[in-house]
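# Working through the structure, step by step
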Amino acid sequence: MSGSRSDSGIRRILLKLSGEALMGDQEFGVSQDMLEYISAEINTAVQRGIQVGVVIGGGNIFRGMSGAALNMGRVSADQMGMLATVMNAIAIAENLNRNDIPAKVLSAITVGTFTETFSRRLALKYLEAGTVVVFAAGTGNPYFTTDTAASLRAVEIGADLLLKATQVDGVYDADPKAVNSATKFKQLRFDEVLTRQLGVMDLTAITLCLENDLPLRVYAMRSAGALARILDGKDEGTLVTNQS
């Protein structure tokens with residue numbers, strides 16, 4: 001399956017999910033309802049012939065270990081966070097496969113027989129075959145966020161679009177949960193994100209997108225059907241590009 005292009009000209013996407021997205025209304029852990037919701041959203045892309053890569057964070061699991069992490073060095077804490085993303089990736093891939101959506105986990109660190117180890121060649125092989133690839137363990141290095149991992153993997157696989165699913169419906173000039181008058185942007189340039197310090201993603205992640213001319217769209221995770229609308233060319237959330 002070589003993939004087709006959506007109405008918006010997109011053939012391959014990288015979807016960035018936070019670990020907290022898996023919690024649902026729980027305080028930590030993985031919600032089965034959220035796994036089903038995420039699988040259904042991803043399936044809307046798969047059914048359009050779009051190749052899908054996913055990067056998942058580990059906050060939902062790491063939150064329960066945060067007390068212990070306070071007494072650890074940054075490297076050890078980041079290593080714990082990477083392992084949390086491996087667990088989340090396995091959960092997502094397992095649920096996708098259970099719903100007859102072929103999925104594989106590729107980890108940036110070697111975890112024995114639990115997952116396959118990431119290589120660009122293997123990732124492209126699976127994507128071209130129509131298999132959803134869930135990238136685990138970030139970049140495999142401490143001091144780098146899963147936002148940076150998402151930008152890096154998106155560039156490596158030649159994604160047409162990087163999607164960041166968040167708790168809000170786009171990028172605002174202030175925190176919309178704290179400031180009632182916060183204004184939402186429909187479109188931004190990467191240099192504006194940097195100069196305004198809007199905090200869309202970390203500096204390294206935004207720079208990777210900017211330098212590789214990789215469009216980024218930020219949208220609300222829990223807006224049902226949002227991914228399908230984006231792939232159909234609708235103006236969902238906030239689009240960040242190098243264009244004015």
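The sections below set out a description of the structure shown in this document. Not measured: the values here are computed from a predicted model. (Residues numbered from 1 in each chain as written. Predicted model: local features only at pLDDT ≥ 70, side-chain atom pairs only at ≥ 80, totals over all residues. Heavy atoms only, no water.)

Each packed pair of helices is defined by two parameters, the angle between the axes and the distance between the axes. Two elements in contact, helix H6 (residues 146-156) and helix H8 (residues 203-211), have axes whose closest approach is 7 Å; the angle formed by their N-to-C orientations is 20°. The angle between H6 and H8 falls in the class roughly parallel. Considering only the axes of H6 and H8, their crossing is left-handed. Every residue of H8 that contacts H6 at Asp 147, Thr 148, Ser 151, Leu 152 and Val 155 is listed here: Thr 204, Ala 205, Leu 208 and Cys 209. (Axes fitted to C-alpha atoms, helices over the stretch in contact; angles between N-to-C directions. Helix = DSSP H or I, 4+ residues; strand = E, 2+ residues; numbered from the N terminus. Parallel < 35°, antiparallel > 145°, perpendicular 65-115°, else oblique. Left-handed = near helix turned anticlockwise from the far one by under 90°. Contact = heavy atoms within 4.5 Å.)

Take a nonpolar patch on the surface next. Residues Val 75, Tyr 143 and Phe 144 make up a contiguous nonpolar surface patch of roughly 300 Å² in combined accessible area. By the element assignment, Val 75 lies in helix H4 (residues 74-98). (Patch = residues over 30% accessible without salt bridge, like charges linked within 9 Å, V, L, I, M, F, W, Y side chains within 5 Å. Areas by Shrake-Rupley, 256 points an atom, 1.4 Å probe, with all protein chains shown as cover. Salt bridge = Lys/Arg side-chain N within 4 Å of Asp/Glu carboxyl O.)

Let us look at the side chain of Lys 164. With respect to the helices and strands, the residue Lys 164 is situated in strand S6 (residues 161-166). Within the local environment of Lys 164, its side chain forms a polar contact with the side chain of Asp 147, the two groups lying 3.1 Å apart. Here the side chain of Lys 164 touches Val 200 through a polar contact of 2.8 Å, landing on its backbone oxygen. Residue contacts for Lys 164: discarding those within four places in its chain leaves Lys 16, Asp 147, Val 200, Met 201, Leu 216, Arg 217, Val 218 and Tyr 219. (Polar contact = N/O pair within 3.5 Å; in protein donor to acceptor, adjacent residues only side chain to side chain.)

Grouped together as the largest cluster of nonpolar side chains are 41 residues, with contacts concentrated most on Ile 13, Leu 17, Ile 42, Val 132 and Val 134. If you list the elements that add at least two residues to this core, you get strand S1 (12-17), helix H1 (32-46), strand S2 (51-56), H4, strand S3 (103-107), strand S5 (132-136), S6 and helix H9 (226-231). Considering each element in turn, this core owes the most residues, 7 residues, to H1. When sequence neighbours within four positions are dropped, the list of residues in contact with Ile 42 reads Leu 15, Val 52, Val 54, Leu 96, Val 132 and Leu 227. Listed in part, the 32 residues of the second largest apolar core include Phe 118, Ile 157, Val 200 and Val 240. (Core = buried A, V, L, I, M, F, W, Y, C linked by side-chain atoms within 4.5 Å. Buried < 20%, exposed > 50% of the residue type's maximum accessible area, 1.4 Å probe, protein only.)

Our next topic: the sheet that holds S1. To summarise the sheet geometry, strands pair through backbone hydrogen bonds and adopt either a parallel or an antiparallel arrangement. Spatially, 9 strands are ordered S4-S3-S5-S2-S1-S6-S10-S11-S9 in an open sheet, and the strand pairing comes out mixed. One side of each edge strand has no neighbouring strand; the edge strands of this open sheet are strand S4 (116-117) and strand S9 (187-189). When S3 meets S5, the two strands line up parallel, connected through 5 bridges. The residue of S5 that forms the bridge with Ser 107 is Ala 136. Relative to S2, H1 is tilted by about 150°, and along the sheet it contacts S1, S2 and S5. (Pairing = 2+ DSSP bridges.)

Purely spatial values, then, with no claim about function.
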